[in-house]
Amino acid sequence: MDDDAVFYQELPKVELHAHLNGSVSFQTIEKLISRKPHLNIEHSMTAIGKGQRRTLDECFEVFKVIHKLVDTEEDILMVATDVIREFAADGVKYLELRSTPREEKDTGLTKRSYVETVIKAIQQCKEEGVDIDVRFLVAIDRRNGTEVAMETVKLAEDFMLSSDGLVVGLDLSGDPTVGHGKYLIPALQKAKNSGLKLSLHLSEVPSQLEESDLLLNLPPDRIGHGTFLHPEVGGSQSVVDKVLKNNIPLELCLTSNVKGQTVPSYSKHHFKYWYQLGHPSVICTDDKGVFCTDLSQEYHLAASTFSLSHKATWKLSHQAIDCIFAPEAVKEQLRQKWNDLESRVLK
Ligand code: IMP
Ligand code: ZN
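Quick notes on the rules
Residues numbered from 1 in each chain as written. Chains lettered and ligands numbered in written order. Predicted model: local features only at pLDDT ≥ 70, side-chain atom pairs only at ≥ 80, totals over all residues. Heavy atoms only, no water. Salt bridge = Lys/Arg side-chain N within 4 Å of Asp/Glu carboxyl O. Buried < 20%, exposed > 50% of the residue type's maximum accessible area, 1.4 Å probe, protein only. Helix = DSSP H or I, 4+ residues; strand = E, 2+ residues; numbered from the N terminus. Arc of directions from axis to C-beta. Contact = heavy atoms within 4.5 Å. Near = heavy atom within 4 Å. Polar contact = N/O pair within 3.5 Å; in protein donor to acceptor, adjacent residues only side chain to side chain. Areas by Shrake-Rupley, 256 points an atom, 1.4 Å probe, with all protein chains shown as cover. Nonpolar A, V, L, I, M, F, W, Y, C, P; charged D, E, K, R; others polar. Pairing = 2+ DSSP bridges. Right-handed = clockwise from strand over helix to strand, strands pointing away.

S.K.: I would appreciate a short explanation of the pattern of salt bridges in the present structure.
M.R.: Once the charged atoms of two side chains with opposite charge are near each other, the side chains can pair. The full count for this structure, using the stated rule, is 28 salt bridges. Salt-bridge contacts for Glu104 lead to Arg102; the nearest nitrogen and oxygen are separated by 3.1 Å. What you see here is one network of salt bridges that share partners, running through Glu96, Arg98, Asp171, Arg222 and Glu251.

S.K.: Where do I start with helix H1 (residues 3–10) in this structure?
M.R.: In an α-helix, one full turn covers 3.6 residues, which means residues spaced three or four apart are oriented alike. Within H1 the residues assigned to the buried category are Ala5, Phe7 and Tyr8. For H1, the angular spread of the buried residues around the axis is 155°, confining them to a single face. The inward-facing, buried residues of H1 abut strand S1 (13–19), helix H12 (295–305), helix H13 (310–319) and helix H14 (328–345).

S.K.: Hey, could you run me through the site of ligand 1 in this one?
M.R.: Neighbouring ligand 1 are 17 residues; His67, Ser99, Thr100, Glu204 and Asp287 lie closest to it. Within the side chain of Asp287, an N or O atom sits 2.8 Å from a nitrogen atom of ligand 1. When ligand 1 sits alone it has 490 Å² of accessible area, and the protein chains cover 97% of it. Of all elements in the fold, only helix H3 (56–69) and strand S2 (92–99) reach the threshold of two or more residues within the shell around ligand 1. If one sorts the elements of the shell around ligand 1 by residue count, H3 sits on top with 3 residues. For the shell around ligand 1, a count of residues per class yields 3 nonpolar, 9 polar and 5 charged.

S.K.: I would appreciate a short explanation of the side chain of Ser163 in the present structure.
M.R.: Along the chain, Ser163 turns up in the loop between helix H6 (145–162) and strand S4 (167–173). Classification of Ser163 by relative accessible area gives buried; the value is 3%. A polar atom in the side chain of Ser163 sits 3.0 Å from the backbone nitrogen of Val167.

S.K.: I would appreciate a short explanation of the pairing of S2 in the present structure.
M.R.: A regular strand carries its side chains on alternate faces of the sheet. With respect to burial, S2 is a largely interior element, 8 of its 8 residues being buried. Relative to S2, S1 runs parallel, the two being bridged by 5 bridges. Within S2, the residue paired with Glu15 across the bridge is Leu95. Inspection of the sheet shows S2 paired to strand S3 (residues 133–141) by 6 bridges, in the parallel sense. Residue pairing in the sheet places Tyr94 in a bridge with Asp133 of S3. Considered for its hand, the β-α-β crossover made up of S2, helix H5 (residues 111–128) and S3 is right-handed.

Remember that the coordinates give geometry; whether it matters functionally is a separate question.
Here's what the structure looks like:
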């Protein structure tokens, strides 16, 4: 590793946008494939390598393949513990994992046991002493409509009360070209009223401005991607103003957007627009397994593309602490951790 790569690795980091099944590493996929050889799944079907790009549709096909490999409690436990350990090994000190609870009739997996298993993985890693604070966001897949969204909110509410603070919020994700967010507003509003934080994928594709405008009225606590919100790419100033007025942080995932072809290149990524405004912008991975990246690499890419000094990069990772969904006391602990590491890492 060159000196620069060492810096990004040692930089303490906060990961706020990581889909569990998109974060499964090569090594874990190998273990899953050996558990289920009859599926005839090859590794090339679960990841998008260096220099490769896919349409967004093709990306969503990849998730379907991974879901076939991860369909028992045992699989989820292995996947979640592996993912948590990998983020920790990459210098991530605080992680918010998100995942869509799935029911699998063949294996007896229920949505409730799905969430319980993720929570068990988080607790196991804590008991092992893995140096990372992990929280969970229950995800709504937009394609499944109003009723499922409401069920998911109820499940998240139950776990918010029973998980000892591990379930902190709700994510809205899934194929952005399917369904309309307006039908999900009652469920999202209910979640917000009961104290769940909201992170919503907004304007991932150009056609969603009207939907984003409506959902911003909630308002959400964070925005995933927000690629097409600003006027330079067909968005609107009034939508940008809503984001600014409510000071809603953006979760920005460079490689995911480049490989999924929603932005033309790293240098044209909307990180530049929001960062220049001084708006809270948090570098994240989205799907580190599928897009073959990690958070250190994403910070490295952001810094080299937008000429950020080590000091500016440190500030960026430090400011991400303000955007986490865990309570103020956790933010304070993390700030202390950053303080303790500063003189060694920021030489
Ligand atoms: P899971 O929720 O842990 O199963 O992670 C995979 C799921 O996350 C996918 O099926 C999508 O619903 C969602 N997802 C992952 N990446 C993206 C993205 O870039 N946009 C929208 N949804 C995504
Ligand atoms: Zn995402």
